[in-house]
Amino acid sequence: MALISEGRFIEDAWRRLADEEALPRSGKVIVSLARLEHAVAHLEAGVALGVLAPNTTEPEALAAALPRLSLISIVFPAFADGRGFSLARLIRRAGFTGELRASGRLLADQYRHALGCGFDTIEIPDDLAERQDESQWQAERAAHARTYQRGFVAPGSILEARRKAAAK
Amino acid sequence: MTAHDPSLARPNTPVTTYRYDEFDAAFVRERVAEFREQVRRRLEGSLTEDEFRPFRLMNGLYLQLHAYMLRVAIPYGTLTARQMRRLADIADKYDRGYGHFTTRQNLQYNWPKLIDTPDILEALAEVEMHAIQTSGNCIRNVTADHFSGVAPDEIEDPRATAEFLRQWSSAHPEFSFLPRKFKIAVTGSEHDRAAIMVHDVGLRIMTNAAGDVGYQVVVGGGLGRTPFVGKVLRDYLPRADLLAYLEAVMRVYNRFGRRDNKYKARIKILVHEKGIEEVRAAIEAEFVAMDRGVFSYDPTEFERIAAFFTPPPYEALPAESAKLRAERVAHPAFGNFVEVNAAPHRVPGYAIVTVSLKPIGGIPGDATSQQMRVLAEASERFGFGELRISHEQNVILPHVKQDDLFDLWKLLDGAGLATANAGLVSDIISCPGLDYCALATARSIPIAQAISKRFSDLSRQRRIGKLGIKISGCINACGHHHVGAIGILGLEKKGQESYQITLGGDPTFSASIGEILGPGVTAEQVPDVIEHIVDFYLAERQEGETFIETWRRIGHARFKDVLRREGEDGADI
Ligand code: HEM
Ligand code: SF4
């Protein structure tokens, strides 16, 4: 797996914990949704907690754990399945400020959409990372320009820019 | 730049179309640059065909039977003379000298090369055009009434809303990877010319008791394999809530629309399976929960857009032109053209002219580059440089002085564009079918041509009156056959083309899906069957009744019966 943050491939500090593995005493771990409640109850305070959430997760299912979570990784079963974008928006709306990760076969061409919906990082399989090198992610990040829509994470909305231009 | 910047004004320059500001221009250019890069990466191999596909579709590029096909957006059907000329130039330079106007207010080129498409998109961008979201699982090019701004029965010009939505839906971060395509249509009149009842979302502009302008929202209409007439989601939505409400609709659809089967992925299936109450409850709940401040409607922005769609500088004229009256009498062919192809205008002394792209025996919706240039010229000389594309695959000149109709007719006639059949039986809507489309199961263009030839006598067509025939080459229903008064669907049965006929479809507010007449017939039989149906209607109709009214009054069974009697033992009809 390769991890992209701010247009660069970075080292992943997080570790996915299999359900049968014991909870660690330190570090950063990602647990399954099924194990979330248990992890919140038993994980030591110093250990950072993340969860792997299918794109069909109801945001309410994460609500109780939200203050304890430092990372939510939303699964994209296929790059053309856009449910994860809506889920990301709902999770941000619920007040989550930690790292929001998209995990799946996402394309650099979707970086803009992901950033706009509030994702911070993208995790893709290695074979895909080989075809989509860093330069492509950087180019897409640079192309993350103004949007017509408001309320999305973007360098700015066209409507605001228009308003400013009109006020001059 | 404002809508009425005097530096832009020259005689007959369109003043009633949206003009890009620097942000719109930059946005479209960024999309072109992005697509150029995607084409490069596809050719170089860093994108596979599967990965490239949604992105090329979002830019209007299909891979068809013989070649690529590029679908250019004509937002809400409005086009300037300059844009029309550019479409002609592109047809000459990158295609085979013609284009095909479609039922979704788009223009399709059938023969572009992949490598050329970024250049074509750039040529379009130069004249404020694009192919963004004319395909793919995103919010498609928003369509609107082609008589916008000139219809006598209009409450408000729907193009302001359509442009507002065009911008909101363009490259939407959250809704570019939907379960399936999503089509929105807007109408602002008492008569629906935008078929809003058969769209994923139909918006009907209306006023409430307090006189405020808002929308009736219809959801879940659509044709294709499972045709549905849409259901009312909201009787009245204040304009201030438009974008927020649509965000709620889209979010519910994006999260809960089926993705397991592409035929069941449209919102109409969600509405059908869950029921309108459950869908409405989910949408309303989302609407309440969302941070509406963030999506809040900006009235200044709406008004800025609406200001572009103000009326052109009409002259003060008498309601009826004496010149026109005399010319109609002196030139009967012209008189017929006016009777059939000119519609009443909201301004005295003007007319709305439908230029038929359905010459007898021609290919519905096709226009040569030469014809496009004549249309551009016609609009400049006789219509403030503005044109419209209708979902009936015709071109509309929305502001023609009655005094000018005769000269216009002569100009059109010289280019083979004066067929006086708007709304008549030979004004056939037809998809490309097996001649171009990779999904087709049968031909549709040759069927349209055969019917058109069978009814070539225009005076007979006028006697028959308004009658919509719509043909699709497969169940996807691009030719809208389900909502044709007479619909024809091409299928394949045991290696043979077979045509299923439906009657009683209606795309307007009184929408209905056509009912099947009987077993399919062969291509050769289609014109006969249509003729029998038409003859039966003529025999049965009461004074002033349209086909659909007669059909509704006497019932489908009577039509079925007569055909059974006409065919010897009924087996072949
Ligand atoms: C030639 C390439 C084309 C392809 C591959 C294509 C594909 C499709 C498909 C797959 C559907 C079914 C959608 C569904 O119900 O889920 C459809 C519907 C439709 N298409 Fe096309 N189409 C083509 C051309 C056209 C043309 C030329 C027009 C206009 C003349 C058009 C307008 C429509 C309309 C109006 C519908 C039905 C509306 C609806 O279900 O919402 N398409 N098309
Ligand atoms: S109805 Fe079928 S044949 Fe006709 S254009 Fe659509 S997909 Fe192709």
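Just above sits the structure.
Cut-off values and rules
- Residues numbered from 1 in each chain as written.
- Chains lettered and ligands numbered in written order.
- Predicted model: local features only at pLDDT ≥ 70, side-chain atom pairs only at ≥ 80, totals over all residues.
- Heavy atoms only, no water.
- Donors = N, O, S within 2.8 Å, 3.2 Å for Na, K, Ca; no water.
- Helix = DSSP H or I, 4+ residues; strand = E, 2+ residues; numbered from the N terminus.
- Pairing = 2+ DSSP bridges.
- Axes fitted to C-alpha atoms, helices over the stretch in contact; angles between N-to-C directions.
- Contact = heavy atoms within 4.5 Å.
- Buried < 20%, exposed > 50% of the residue type's maximum accessible area, 1.4 Å probe, protein only.
- Right-handed = clockwise from strand over helix to strand, strands pointing away.
- Near = heavy atom within 4 Å.
- Nonpolar A, V, L, I, M, F, W, Y, C, P; charged D, E, K, R; others polar.
- 1 Å grid on protein atoms, 1.4 Å probe; cavity = no way out; pocket = protein on both sides within 12 Å on 5 of 7 lines; lining within 4 Å.
- Points joined across faces, edges and corners; volume = space filled by probe spheres on them.
- Parallel < 35°, antiparallel > 145°, perpendicular 65-115°, else oblique.

Peer 1: Pulling in residues and values, what's your account of the coordination of the iron atom of ligand 1?
Peer 2: A lone protein donor contacts the iron atom of ligand 1, and this donor is C478 of chain B (SG), found at 2.1 Å. Secondary-structure assignment places C478 of chain B in the loop between β17 (469–472) and β18 (486–493).

Peer 1: An account of the sheet that holds strand β1 (residues 61–63) of chain B is requested, with residue identities and associated values reported.
Peer 2: Residues and elements named next belong to chain B. With antiparallel pairing, the five strands of this open sheet are ordered in space as β1-β2-β5-β4-β13. The strands lining the two open edges of the sheet, one partner per strand, are β1 and β13 (366–368). Shown here is a sheet whose adjacent strand axes are inclined to one another by a mean of 30 degrees, direction ignored. The sheet strands contacting helix α2 (residues 49–58) are β1 and β2 (68–73), and the helix crosses β1 at an angle near 130 degrees. Contacting β2, β4 (98–101) and β5 (106–109), helix α3 (residues 81–94) runs over the sheet at an angle of about 15 degrees to β5.

Peer 1: Describe the pairing of strand β4 (residues 28–32) of chain A, listing the residues and the values that go with them.
Peer 2: Look at any regular strand and the pattern is simple: side chains alternate between the two faces of the sheet. Residues and elements named next belong to chain A. Extensive coverage of β4 is indicated by the burial of four of its five residues. Examined bridge by bridge, strand β3 (residues 15–16) and β4 share two bridges and lie parallel to one another. Among the inter-strand pairings, R15 is bridged to a residue of β4, identified as V29. Relative to strand β5 (residues 48–53), β4 is paired through five bridges, and the arrangement is parallel. Bridged to I30 within β5 is G50. The β-α-β motif built from β4, the intervening helix α1 (residues 36–42) and the parallel element β5 has right-handed crossover chirality.

Peer 1: Please set out the site of ligand 2 residue by residue, giving values where relevant.
Peer 2: Taken together, C431, P432, G433, C437, L439, A440, S472, G473, C474, N476, A477 and C478 of chain B are the residues near ligand 2. Among the residues making up the shell around ligand 2, the classes are represented as eight nonpolar, four polar and no charged.

Peer 1: So, the sheet that holds strand β10 (residues 231–238) of chain B: which residues are in play, and what are the values?
Peer 2: Residue and element names in this part refer to chain B. One open sheet holds the five strands; their spatial order is β6-β7-β8-β9-β10, and the pairing between them is mixed. Strands at the two margins of the open sheet, each flanked by one partner only, are β6 (143–144) and β10. Examined bridge by bridge, strand β8 (residues 201–207) and strand β9 (residues 213–219) share seven bridges and lie antiparallel to one another. What sits directly across from V201, in β9, is V219.

Peer 1: Could you give an account of the layout of surface pockets, with specific residues and numbers?
Peer 2: Residue and element names in this part refer to chain B. In this structure, the second largest pocket encloses a volume near 1200 Å³. Looking at the second largest pocket, it is lined by 42 residues, and the ones nearest its centre are E392, G423, K466, L467 and T508. Broken down by secondary-structure element, the contributors of at least two residues to the lining of the second largest pocket are α12 (332–341), β11 (342–344), β17 and α18 (547–554). In terms of residue class, the lining of the second largest pocket is made up of 16 nonpolar, 14 polar and twelve charged.

Peer 1: Break down the packing of helix α1 (residues 22–44) of chain B against helix α4 (residues 117–125) of chain B for me, with residues and values.
Peer 2: Residue and element names in this part refer to chain B. At their nearest, the axes of α1 and α4 sit 9 Å apart, and the two run at 175 degrees to each other. Judged by the angle between their axes, α1 and α4 are roughly antiparallel. Note on element contacts: α4 touches α1 through T117, P118, D119, L121, E122 and A125, opposite V28, R29, V32, F35, R36 and V39. Here the residues of the contact of α1 with α4 sort into seven nonpolar, one polar and four charged.

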